[in-house]
Amino acid sequence: MKNDVLDARGPDARYAAALAAGRWEVQRCNACRQVIFFPRTACPHCGSADYGWFAPSGRGVVHATTVMRRPAKAGGDLHLCLVDLEEGFRMMSRVEEADPASVAIGDRVAAYVGRAGETPLVLFRMAGDAQ
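(A) Layout of unusual backbone geometry. Along the chain, phenylalanine 37 connects to phenylalanine 38 via a cis peptide bond; the corresponding omega equals 5°. Take phenylalanine 38: it is sitting in the loop between β2 (35-36) and β3 (51-54). Positive phi outside glycine occurs at arginine 33, with the angle close to 70°. Here arginine 33 shows up in the loop between β1 (26-29) and β2. Exposure remark for arginine 33: the relative accessible area of 48% places this residue in the partly exposed category. A positive phi angle, close to 60°, is found at glutamate 97, a residue other than glycine. Tracing the backbone shows glutamate 97 in the loop between β6 (90-93) and β7 (108-116).

(B) View of the nonpolar core. Core analysis: the largest hydrophobic core is formed by 22 residues, its most contacted members being Trp24 and Phe124. Residue assignment for this core shows that the elements contributing at least two residues are α1 (11-20), β1, β2, β3, β5 (78-85) and β8 (119-126).

(C) Layout of the pattern of salt bridges. Within this structure, the stated rule accounts for 7 salt bridges. Of the charged contacts, one joins arginine 14 and glutamate 25 as a salt bridge, the two residues approaching to 2.6 Å between their closest N and O atoms. Taken together, the residues span a long stretch of sequence, with arginine 14 in helix α1 and glutamate 25 in the loop between α1 and β1 at a distance of 11 residues. The same class applies to arginine 14 as to glutamate 25, namely buried. Notably, a salt bridge pairs glutamate 97 with arginine 125, separated by 3.1 Å at the nearest N-O pair. On the criterion of sequence distance, the pair formed by glutamate 97 in the loop between β6 and β7 and arginine 125 in strand β8 is long-range, its members being 28 residues apart. When salt bridges that share partners are traced, they join Arg14, Arg23 and Glu25 into one network.

Conventions adopted
- Residues numbered from 1 in each chain as written.
- Predicted model: local features only at pLDDT ≥ 70, side-chain atom pairs only at ≥ 80, totals over all residues.
- Heavy atoms only, no water.
- Helix = DSSP H or I, 4+ residues; strand = E, 2+ residues; numbered from the N terminus.
- Buried < 20%, exposed > 50% of the residue type's maximum accessible area, 1.4 Å probe, protein only.
- Core = buried A, V, L, I, M, F, W, Y, C linked by side-chain atoms within 4.5 Å.
- Salt bridge = Lys/Arg side-chain N within 4 Å of Asp/Glu carboxyl O.

If you want it as structure tokens, here you go:
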């Protein structure tokens, strides 16, 4: 569906509204069928403004990983990573529910919609061989 009612506010607002409702949705170009991430008004692959939204599988592999060292009073160490999703795009996020130093390149992860304070965002947890 091209530019539904939520899209009238722009792709960023549409993306944020879906996350706020607990859904992770990304764009796919209707012309070239490539996934578009992060949200944009036109496909970066072919330039088309004809796109739809879909829920990705959330399955991915850690491409790069680091630990941001923080004092305990600031929340402790924080994991940061780049994840290659099976749909063919890469995104920055973090792996939760695991020791930040234990996450390694090549680890399988699964996405879920979580929160950082009041802000909904896409986070990952270790998926192991269950993927």
